[in-house]
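# An overview of the molecular structure
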Amino acid sequence: MTNVNPSSLYCELIFLAGSDGRKAFTQANIRIGRQPDNDFVTPDAGTSRIHAEIVWDNDVWKIRSLNPANKITVNKQDIQQEAELRHFDEIGLGRSSQTLIRFLASS
């Protein structure tokens, strides 16, 4: 079950490579991928239509893979299913991590 503390529920995602732009979020679930109805859309063909989600879970931000075949790195370390995210972490998506995203969160 996801516990939501509204005062902590803020993060930003910023493209470092693969596209440009940034987006702020105040929601507990953020879906990432190529599909246009995702919360954060990446144009990189190396990412899945629905690649990953970032969730606020028990007062911690986490990134989760939505398919075991989807490659995700956090600070250049491969993750299997899920990893905690911290302020200023670098997220890589896709087979060659051509899409790089900076994660910013309020403390």
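Treat the numbers as computed from the prediction; the structure is a model and nothing was measured.

## Digging into the overall build of the protein
Secondary structure assignment for the protein yields zero helices and eleven strands. Its helices and strands taken in sequence order, the protein reads β-β-β-β-β-β-β-β-β-β-β from the N to the C terminus. With respect to the principal axes defined by its C-alpha atoms, the protein has extents near 35 × 25 × 25 Å. As displayed, the protein has an accessible area near 5,900 Å², and 46% of this comes from carbon and sulfur atoms. Seen as two clouds, the 12 positive and the 13 negative side-chain charges of the protein have centres 4 Å apart.

## Things to note about the packing of aromatic side chains
One pass over the full model with this rule turns up four aromatic pairs. Ring geometry for Phe25 against Phe40: centres 6.4 Å apart, planes inclined by 70°, an arrangement best described as edge-to-face. Residue Phe25 is located in strand 2 (residues 22–25), and its partner Phe40 is located in strand 4 (residues 40–41); the two are separated by 15 residues in the primary sequence. In this structure Phe40 comes out as buried when scored by relative accessible area, which is 4%. Counting every residue linked through ring pairs, the aromatic cluster contains Phe15, Phe25 and Phe40. If you follow Arg102 out to its NZ or CZ, it ends over the ring of Phe88, 4.0 Å from the centre.

## A closer look at the sheet that holds strand 7 (residues 72–74)
In space, the six strands of this open sheet follow the order 2-1-11-10-7-8, with antiparallel pairing throughout. Across the chains shown, the open sheet's two edge strands, defined by having one partner strand only, are strand 2 and strand 8 (77–78). Inspection of the sheet shows strand 7 paired to strand 8 by two bridges, in the antiparallel sense. Looking across to strand 8, one finds that Val74 is bridged to Gln77.

## What about the nonpolar core?
In this structure, Leu13, Ile54, Trp61, Ile63, Leu85, Ile91 and Phe103 are the most contacted members of the largest nonpolar core, which totals 24 residues. For this core, the secondary-structure elements that each account for two or more residues are strand 1 (11–17), strand 3 (29–33), strand 5 (52–57), strand 6 (60–65), strand 7, strand 9 (82–85), strand 10 (90–93) and strand 11 (99–105). In this structure, Ile54 is in contact with Leu13, Ala28, Asn29, Ile30, Ile32, Trp61, Lys62, Ile63, Leu85, Ile91 and Phe103, ignoring residues within four places of it in sequence.

## Some remarks on the sheet that holds strand 6
A sheet is described by the order of its strands in space; here five strands give the open sequence 4-3-5-6-9, paired in mixed fashion. One side of each edge strand has no neighbouring strand; the edge strands of this open sheet are strand 4 and strand 9. Sheet topology note: the strand 3/strand 4 ladder contains two bridges and is parallel. Residue pairing in the sheet places Ile32 in a bridge with Phe40 of strand 4.

## With respect to the environment of Ala52
Here Ala52 lies in strand 5. Sequence-wise, Ala52 and Leu93 are 41 residues apart; in three dimensions their C-alpha atoms are separated by 8.6 Å. Excluding residues within four positions of it along the chain, Ala52 makes contact with Ile30, Arg31, Ile32, Ile63, Arg64, Leu66 and Ile72.

Reading the values: the criteria
- Residue numbers here run from 1 along each chain, matching the order of that chain's written sequence.
- The model is predicted, so local features are restricted to residues of pLDDT at least 70 and side-chain atom pairs to those at 80 or more, both for listing and for counting; the totals for chains, interfaces and linings are taken over all residues.
- The side-chain numbers reported here are obtained from all heavy atoms of the structure, hydrogens and water having been left aside.
- Helix numbers and strand numbers start at the N terminus; a helix is a DSSP run of H or I with at least 4 residues, a strand a run of E with at least 2.
- For every accessible area listed, the method is Shrake-Rupley and the probe measures 1.4 Å; residues are considered covered only by the protein chains on display.
- Asp and Glu count as negative and Lys and Arg as positive, but His and the ends of the chain are not part of the count.
- The atom standing in for a charge is NZ when the residue is Lys, CZ when it is Arg, CG when it is Asp and CD when it is Glu.
- Aromatic contacts are taken between Phe, Tyr and Trp rings whose centres are within 6.5 Å, Trp giving its six-membered ring; a plane angle under 30 degrees counts as stacked, one over 60 as edge-to-face, and the others as tilted.
- Think of it in three bands: with a 1.4 Å probe and only protein chains considered, a residue is buried below 20% of the maximum accessible area for its type, exposed above 50%, and partly exposed in between.
- A positively charged side chain is recorded as over a ring if its NZ (Lys) or CZ (Arg) lies within 6 Å of the ring centre. The angle to the ring normal must also be within 35 degrees.
- For two strands to be treated as a pair, DSSP must find at least two bridges joining them.
- We define a nonpolar core as any set of buried Ala, Val, Leu, Ile, Met, Phe, Trp, Tyr and Cys residues linked to one another through side-chain atoms lying within 4.5 Å.
- Note on contacts: a residue pair qualifies if any of its non-hydrogen atoms lie within 4.5 Å across the two residues.

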